[in-house]
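Residues per chain are reported as follows:
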Amino acid sequence: MSQLGTLEELPVEYRQALTDINLGPLWPSLRSLVPFNKPERQTQPTLWRYQDIRPLLLQAGELTPIEKAERRVLMLCNPGLGLENAMATPSIYLGMQLILPGEVAPNHRHSPSAIRFVVEGEGGFTTVEGEKLPMERGDLILTPSGLWHEHGHGGSGPVVWLDALDLPVVYRMEASYSIEGPPAKDNNAPDASQTMYRRAGLMPYRMLGEARGKYPLLRYPWQEVRQSLNDLSSGAGPGDMLHLAYVNPHTGEESLPIMGFSALMLRPGEEISMPRRSASAVLHGIEGRGQATIDDEALNWEEHDTIAVPTHAKLRIRNASSKSPAFLFIVDDAPMQRKLGYYEEFAN
Ligand SMILES: [Fe+2]
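Here's a quick rundown of the structure. (Residues numbered from 1 in each chain as written. Predicted model: local features only at pLDDT ≥ 70, side-chain atom pairs only at ≥ 80, totals over all residues. Heavy atoms only, no water.)

Let us look at the nonpolar core. Counting 54 residues, the largest nonpolar core has Leu94, Met96, Leu140, Tyr246, Phe261 and Phe329 as the members making the most contacts within it. With 5 residues, the single largest contributor to this core is strand β10 (residues 159–165). Counting residues in each nonpolar core, the second largest holds 19 residues, with Leu264, Ala281, Leu299 and Ala326 among its members. (Core = buried A, V, L, I, M, F, W, Y, C linked by side-chain atoms within 4.5 Å. Buried < 20%, exposed > 50% of the residue type's maximum accessible area, 1.4 Å probe, protein only. Helix = DSSP H or I, 4+ residues; strand = E, 2+ residues; numbered from the N terminus.)

Within this structure, the stated rule accounts for 5 aromatic pairs. For the pair phenylalanine 117 and phenylalanine 329, a centre-to-centre distance of 4.1 Å together with 15 degrees between the ring planes defines the contact as stacked. Of the two residues, phenylalanine 117 is situated in strand β5 (residues 114–120) and phenylalanine 329 in strand β22 (residues 326–332); the sequence distance between them amounts to 212 residues. By relative accessible area, phenylalanine 117 is classed as buried at 1%. On the accessibility criterion, phenylalanine 329 (0% relative accessible area) is buried. Note on phenylalanine 261 and phenylalanine 329: the rings are 6.3 Å apart at their centroids and 5 degrees apart in plane angle, and the pair reads as stacked. One end of the pair, phenylalanine 261, is in strand β14 (residues 260–266); the other, phenylalanine 329, is in strand β22, and 68 residues separate them in sequence. Clustering of aromatic rings is evident, with ring pairs tying together Phe117, Tyr220, Tyr246, Phe261 and Phe329. For arginine 276, the ring lying beneath its charged end belongs to phenylalanine 346, and the centroid distance is 4.4 Å. (Phe/Tyr/Trp six-rings, centres within 6.5 Å; stacked < 30°, edge-to-face > 60°. Lys NZ or Arg CZ within 6 Å of the ring centre and 35° of its normal.)

This is the structure:
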């Protein structure tokens, strides 16, 4: 590896002449822009404990009425990326959102895509383009780019969910904006996860002749995902990874263009090594407790805790219970990286 010239080695007058007409020399920055072998990463492996977040989120419910917040959210900010930058990883924004009985987070749409992963509470719902999606614990709800969505709460007690958005990407492309709309009208029909896409491998016949929908399924009920992981485990070999992707049932591809979603089951006492990947990721505990070791840093997680995983990190995940399975929800930016042509997996 040859040593490249530095900025300081250049005459001051020459540097000023470049600056004056908006130019810069590449060679002093070349090694940091395109380092050898592995990217430079500011993202830190970070654990956000739900037991720490919850009391502060409930306090936000007392301090700030929904009208003053629109979305009552505490953002999960990666300290390596700057707490002011609203980034859990370079591509993923995370927030923990609270809605109280009778409150409405008003109808709007925006260029970033979002998802909700329900943490606790009953009676919450999201209406997307008129489709009313019940929000039960562990459900994944999509609110893709450009679709109208409103949140409400018809039950009792607080409802909390994890928001994940591709906001860091869209914001840095200078393409992030939102539009407010009139209150949502729901179509008074069960959502598509209960009717049209109730079973894998089946869809309404008329869809065969129609253009494939971009977002035909907006809700992935946890009870269905959990059952599918259990069924997968009964047919799998002892070392097979129990890992299911949430996909678009029309195309079999990832359900959103930038962020990807999957659910992982760990057998009692199991420890697995995930392939090292170019994607950044977020892990969220659904059930059980365990340990995630990211490069050399071990983080102990419990239900509803959330962990940021940098790009290119080694990742091992362990179920701390020898009696019960553990379940994790995973968000990553692999769909974006695949589209951009630089997604990679490496042998551990
Ligand atoms: Fe939104």
